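Observations on the model geometry
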Amino acid sequence: MESSDDLNWPTQKGTLVINARNDGSVSTGILHAARILKEGGLVAFPTETVYGLGADALNGEAVARIFAVKGRPTDNPLIVHIDAVSHLKSLAVNIPSEAYALARRFWPGPLTLVLESARVVPPETTGGLDTVALRIPQHPVALELIRAAAVPVAGPSANLSGRPSPTTAQHVLDDLSGSIDAVLDGGPCEVGVESTVLDIRGGEPLLLRPGGVTREEISALLGRECRLPSWQDDSAAPPPSPGLKYTHYSPRAPLYLVNGHPAAVLARLQVLAQHYSERGKKVGLLISSENVGAVACEHMEVLGSRHDPAAQAVVLFAALRRFDEQGVDVILAEGYPEDGVGLAVMNRLRKAAGHRIIDVK
Ligand code: TXA
Ligand code: MG
């Protein structure tokens, strides 16, 4: 691989930081990143949802490195990023017409379709499953990178496994500098939570992970409800998506999610904040803009309006990461309605909380 000395881009612990914002060097940088991918390297890249950690999806060895640097369980498959709907039929088989309808409506965009694999993508990428997860991201840098590399690009979120997903290049470097070849810095992500993962292999569509495209939008397009998985953590059966069994999005401090009637939620947050402060704990509060000031707390992250979950999604992961930087001992989070993107916001908050969910009436 070309040495970074040949180029003007800075490095952080050996990871090239390529500025892919709108300036004259964009294409040179993306072409260089594409070459790294083709040679089996790892490049983090911006998408509209979160930053992805890219490798050539057809190169099992390169993909294995993704799992190693993230510390990701090898049975948790990766999303394969493509740049045109026409690639669907080379990577998947028995594609239902509904998949094409969804692709036409939501691609490029934050929707991932799980389809029957054509087995072109190696088992390292699919976690050995007979399905493959595909999406066309809606970010000019991601699209240009995939096009220039001319290979499908495997890309999980570019964080250490279990940490909040990265929504800036700096978040990527905080987790992975020194262990990946390059990061393309395209500025902060617009959606802020990951793509919606939908199993669309026929039968009832199954929403495996709520995300940037809402359940309501999908149901409206298909003319029928899309089902949420009923799988539970203590079930003996394997989950319909391996991702369901892993905790994600965890800040370092324990996070308590208080959910229920808004007035009762506020009252409980006040009690808990006081309880922990009196015991000398550094408390972080994750609160909506409507409730700023209602709970006394030194370290507060404002998530935006309770009535604008899409705006909350944009800042959620960065807020969780800031709590880590502040070194809080405990995080108290307000619960929200689960309509629209609110379903994805609450899914990430529940995952961050693990079993620490307090339902109040
Ligand atoms: O927005 C996103 O989806 C970002 C950007 C980078 O595209 N990527 C992302 O990837 O969030 P990751 O690996 O962090 O999450 C992928 C999720 C996991 O929960 C995984 O289990 C699930 O998709 N998944 C991948 N392939 C699957 C398959 N064949 N069947 C079921 N679930 C699958
Ligand atoms: Mg992830």
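Reading guide: rules and limits
- Residues numbered from 1 in each chain as written.
- Chains lettered and ligands numbered in written order.
- Predicted model: local features only at pLDDT ≥ 70, side-chain atom pairs only at ≥ 80, totals over all residues.
- Heavy atoms only, no water.
- Helix = DSSP H or I, 4+ residues; strand = E, 2+ residues; numbered from the N terminus.
- Rg over C-alpha atoms; globule rule 2.2 N^0.38 Å.
- Buried < 20%, exposed > 50% of the residue type's maximum accessible area, 1.4 Å probe, protein only.
- Contact = heavy atoms within 4.5 Å.
- Salt bridge = Lys/Arg side-chain N within 4 Å of Asp/Glu carboxyl O.
- Near = heavy atom within 4 Å.
- Polar contact = N/O pair within 3.5 Å; in protein donor to acceptor, adjacent residues only side chain to side chain.
- Areas by Shrake-Rupley, 256 points an atom, 1.4 Å probe, with all protein chains shown as cover.
- Nonpolar A, V, L, I, M, F, W, Y, C, P; charged D, E, K, R; others polar.
- Expected span 1.5 Å × (residues − 1).

The subject of this paragraph is the overall build of the protein. If you tally the helices and strands in the protein, you get eleven helices and 17 strands. Its C-alpha atoms give the protein a radius of gyration of 20 Å, near enough to 21 Å, the size a compact globule of 361 residues would have. For the protein, the spread of C-alpha atoms along the principal axes amounts to about 55 × 50 × 35 Å. In the protein, buried positions account for 56% of the 361 residues. Partitioning the intrachain contacts of the protein with sequence separation of at least 6 by distance along the chain shows that 67% fall at a separation of at least 24.

This part is about the pattern of salt bridges. According to the stated counting rule, one finds 15 salt bridges in the structure shown. Here Arg-135 and Glu-48 are joined by a salt bridge, their closest N and O atoms 2.8 Å apart. One end of the pair, Arg-135, is in strand E8 (residues 131-135); the other, Glu-48, is in the loop between strand E3 (43-45) and strand E4 (52-56), and 87 residues separate them in sequence. Glu-48 matches Arg-135 in its accessibility class, with the two residues each being buried. Across the pair Glu-194 and Arg-348 runs a salt bridge whose closest N-O atoms are separated by 2.8 Å. Here Arg-348 lies in helix H11 (residues 342-353) and Glu-194 lies in the loop between strand E10 (182-185) and strand E11 (196-199), a separation of 154 residues in the sequence. Among the charged side chains, a salt-bridge network with shared partners connects Arg-163, Asp-175, Arg-252, Arg-321 and Asp-324.

A separate point is the site of ligand 1. Residues in close proximity to ligand 1 total 26 residues, the closest being Thr-49, Asn-76, His-81, Ser-195 and Ser-241. Side-chain polar atom of Ser-241 to a nitrogen atom of ligand 1: 2.8 Å apart, as the coordinates give it. Contact with the protein chains hides 97% of the accessible area of ligand 1, taken as 680 Å² for the molecule alone. Where the shell around ligand 1 is concerned, the elements lending two or more residues are strand E5 (79-81), E8 and strand E12 (206-209). For the shell around ligand 1, a count of residues per class yields twelve nonpolar, ten polar and four charged.

A word on H11. Between its terminal C-alpha atoms H11 stretches 16 Å, which fits the 16 Å expected from twelve residues at 1.5 Å a residue. The buried fraction of H11 is high, at eleven of twelve residues. Listed as buried for H11 are Gly-342, Leu-343, Ala-344, Val-345, Met-346, Asn-347, Arg-348, Leu-349, Lys-351, Ala-352 and Ala-353.

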